[in-house]
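Per-entry structural report
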Amino acid sequence: MANIKSAAKRARQSPGRYLRNNNLRSGARTAIKSARAAIDSGDQTAAAEAVHVASRALDKAASKGAIHANNASRRKSRIVLAFNKMAA
C-alpha cells in the first residue's frame with residue numbers, strides 16, 4: 001500500500017482510468033478491423049460507412065487521451081488511403 005497520500009490517490013484513480021482508456025482503445029481497434037474488412041470485401045457504401053465510424057472512434061480516443069493524436073491521425077490516414085485505393 002502507498003505511504004504517501006498522493007500515491008494512494010493515484011492508486012485509486014488508476015483502475016478506473018485503465019478501464020476507460022482500454023475501452024476506448026478497444027473500440028477504436030474493432031472499428032479499424034471492421035473498416036479493413038469492409039474495404040477488403042469491395043462494397044463501397046459499406047466501406048465508406050465503416051471508415052467514417054473508425055475515424056470517429058479514433059478521434060474520440062485521441063480527444064480523451066487514450067491514444068496519442070498523431071497515432072490516431074496516422075491510422076485514419078492509412079484507412080482512408082486503403083479506401084481510396086479500393087474505390088479507384
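Residue positions are counted from 1 within each chain, in the order its sequence is given. The predicted origin of the model limits local features to residues at a pLDDT of at least 70 and limits the giving and counting of side-chain atom pairs to 80 or more, whereas totals for whole chains, interfaces and linings rest on all residues. No hydrogens and no water enter the side-chain calculation; it runs on all heavy atoms of the structure.

Quick notes on the environment of A46
For A46, the location among the structural elements is in helix 2 (residues 44-63). Accessibility here uses a 1.4 Å probe with only protein chains present; expressed as a share of the type maximum, an area under 20% marks a residue as buried, one over 50% as exposed, and anything in between as partly exposed. Given the relative accessible area of 33%, A46 is considered partly exposed. Secondary structure counts use DSSP, requiring at least four H or I residues in a row for a helix and at least two E residues in a row for a strand, with both numbered from the N terminus.

Examining helix 2
What a helix is expected to span follows from its residue count: subtract one and scale by 1.5 Å. Taking 1.5 Å per residue as the helical rise, helix 2 with its 20 residues ought to reach 28 Å, and the 28 Å between its terminal C-alpha atoms agrees with that figure. If you check which residues of helix 2 are buried, you get A47, A50, V51, A54, A57, L58 and A61. Viewed end-on, helix 2 has its buried residues packed into an arc of 130 degrees, placing them on one side of the element. Turned more than 90 degrees away from the buried face of helix 2, the exposed residues are T45, R56 and S63. In what follows, residue pairs with any heavy atoms lying within 4.5 Å of each other are defined as contacts. Looking at the packing, one finds that the buried side of helix 2 touches helix 1 (5-41) and helix 3 (69-87). A positive phi of about 85 degrees marks G65, the residue just after helix 2. In this context, the arc is that of the directions from the helix axis out to the C-beta atoms.

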